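# Analysis of the macromolecular model
Next come the chains, spelled out residue by residue.
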Amino acid sequence: MLRRLTGGCRRIRRRSWMLTAFAAAAGLVSFDPARPSAAGADGSIQGRVEIRQVLPSSERRPTVSDFGTPRERDLVDRLKSVVYLEAAPRGAFERTELARAVMNQHNETFVPHLLAITTGTIVDFPNGDPFFHNVFSLSKANRFDLGRYPSGKQKSVQFTQPGIVRVFCEIHSHMNAFILVFSHPFFAVTDDSGRYRIAGVPAGAYNVIAWNEGRASEPKSVSVPGGGTTELDFELR
Amino acid sequence: MLFRVAAIATTALAVLALASLRADAQSMTSETISFANGRVTLGGDVSATFSCTDSEISTSSVCADDTGFFNYTDYEHSALRMVRIDLIAAVRATERLSFLVEVRTEDGDRLQPYALYARIRPWLSKPIDVQVGRVPPTFGAFTRSTYASDNLLIGYPLAYQYLMSIRSDALPANADELLRMRGRGWLSTFSVGNTLPDRGLPLANAFRWDTGVQVHAVGRMVEATAALTTGSLGNPLVHDDNPGKQIATRVVVRPLPGLVLGASGAVAPFVSRAAAESAGAAASMSGLTQSALGIDAEYSRGYYLIRMETIMSDWRVPLVHTPAIDLPLRARTFLIEGRYKIRPGLYAAARFDHVGFSEVAGTARTAEWEAPVNRVELGGGYSILRNLMVKGSYQRDTRPAGRTQKLNAIATQVVFWF
């Protein structure tokens, strides 16, 4: 039994290296083993992401065959961004605990519109509308189709591959969302004012990237002192 | 031919250029294009369909065409061999007023306005809309699934596409003349009215929309629609060719999540003034009607989707000579179709479709006034991207009359929408 568990751990480690390689190919995250992981207290990176041109909320596909005005729906918040380390420090991929997140379907909108998670996270997709939804993704990183299910029900997906996952509803073509799956925990989603904070970063030098609705910034170099906080702002056009 | 290919290519490139306006962000091409704070939205649906049949009378040595005209939407265009480009625009002028337009080209023909109407919401707090212009068909369920991206298979249901011999501008003088045209709806000829050969009418036309006023109201579980338009179910028109109007209604009930039940009705004079006058029936023109009743149901859950629709339509034509035509001329259609998603992006679908007709007694025989048709279509689709799909299907048509009585066709279709 003990041997089996140990073997399992080895498999997890081997898999985490494969995930890292995949993530590097996807351009989402890379692991640079040449970078030393610093000893001592962890630091943090914080700052603000300014978006020069906010994409408008995606509109319904116009259809002439409907009899009347489509029902009201919530507008999508496309202001939120993700800031992440391009190259994670050694040891960042050793965590094995599974996390859980929720992406609701409310008033023909995915809430939140942007979710950032680590690999292995299970995301629940509850249907909060009084009609069917059909959540699916054809993204290479995680392809799934949850089928049609009614109000009050939920279905879940475990995201095992790092990458960018675009989520849609088959019935309501204007519904879309992003799930960014990282193989390390060094990322943060900005708040309503564009502020972010990545905590628990081992001291060292890193490249940091900001991402919003498919647009990624150029990597910015930053040095994180042990126990200190580094300010880093981004501007996305 | 070369000009037509160039026209198709140019239009397709224009559509792709429109679709890529927002391609600056990853995967954005699948989003609707919008301007002016979302007041103007543009969408599109492009499909290219190719098919081969086993027809024995075709002259083509490579890939035979549909010589039975089972899938022709008129004499020129087959639903199984077509490049179709639709561009749709919605303009929200005010909170109460929107304009919707769709232009369409088939096989590089000039752009045709498929839909063009104003949508008015008189009371903002009440879900009641009035649509005026070339409006969507009130009757039936399938008319809201005619885009290639919505159609589970490649072919269209017989009720909405198959051409019968009956025409609005030409009338059979007697039952013998009508029986002679069985299975020849792609190019039928009668001796009263317009005597030139032309295509017949489908039971309900999914490719041309009617013109008039439509009112739609939505409740918690029930939707109701009523319309007053110029043409008839099988022959929608912009300019009326007779003094009568069509009245059509539709009620939809959603008793459970995933279950949609619908009932439709329509009645309209369908014979043109010129044809009625030729038949000596100008005085009774308002009685020369097409009237139809339809019932439909849809249920979906998980990875399944099942639809069923049945329509009964009656036509009343003037009795000119003996042997007299037994009235009303009746057609009954039934279709059942289903889809199952096998894995993300991949589904299988099937449709069984039948259209049958009432009997008329001629001099030498009594037979159904049109040849009944059975169609089975099996196929599926695979989504390469969310808005780029490849479909394939096998279709078998059978009927006991006409130039081609059996047809096996395989078809493939590429669909892109935004």
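Here is a short report on the structure shown in this document.

Let us now look at the overall build of chain A. Counting its regular elements, chain A contains one helix and 21 strands. In chain A, which comprises 237 residues, the share counted as buried stands at 43%.

Turning to the pairing of strand S21 (residues 406-417) of chain B, a few remarks are in order. Residues and elements named next belong to chain B. Sheet topology note: the strand S2 (residues 40-53)/S21 ladder contains nine bridges and is antiparallel. Looking at S21, one finds that Thr-49 is bridged to Gln-413. Alignment of strand S20 (residues 388-398) against S21, held across 11 bridges, turns out to be antiparallel. Within S21, the position partnered with Gln-395 by the bridge is Ala-409.

Residue and element names in this part refer to chain A. Taken in spatial order, the three strands make up an open sheet running S5-S9-S12, and their pairing is mixed. The open sheet has two edge strands with one neighbour each: strand S5 (100-102) and strand S12 (154-158). The sheet shows a mean angle of 25° between the axes of neighbouring strands, direction not considered. Where strand S9 (residues 122-126) meets S12, five bridges bridge the pair, whose relative direction is antiparallel.

At the junction of the two partners, chain A supplies 30 residues and chain B supplies 40 residues. Looking at the side of chain A that touches chain B, the elements with two or more residues in it are strand S10 (133-138), strand S11 (143-149) and strand S13 (163-169) of chain A. Residue contributions to the side of chain A that touches chain B peak at five residues, all from S11 of chain A. Of the residues that constitute the side of chain A that touches chain B, the class distribution is 12 nonpolar, nine polar and nine charged.

What counts and how
Residues numbered from 1 in each chain as written. Chains lettered and ligands numbered in written order. Predicted model: local features only at pLDDT ≥ 70, side-chain atom pairs only at ≥ 80, totals over all residues. Helix = DSSP H or I, 4+ residues; strand = E, 2+ residues; numbered from the N terminus. Buried ≥ 20, exposed ≤ 12 C-beta atoms within 10 Å, placed from the backbone. Pairing = 2+ DSSP bridges. Axes fitted to C-alpha atoms, helices over the stretch in contact; angles between N-to-C directions. Contact = placed C-beta atoms within 7 Å. Nonpolar A, V, L, I, M, F, W, Y, C, P; charged D, E, K, R; others polar.

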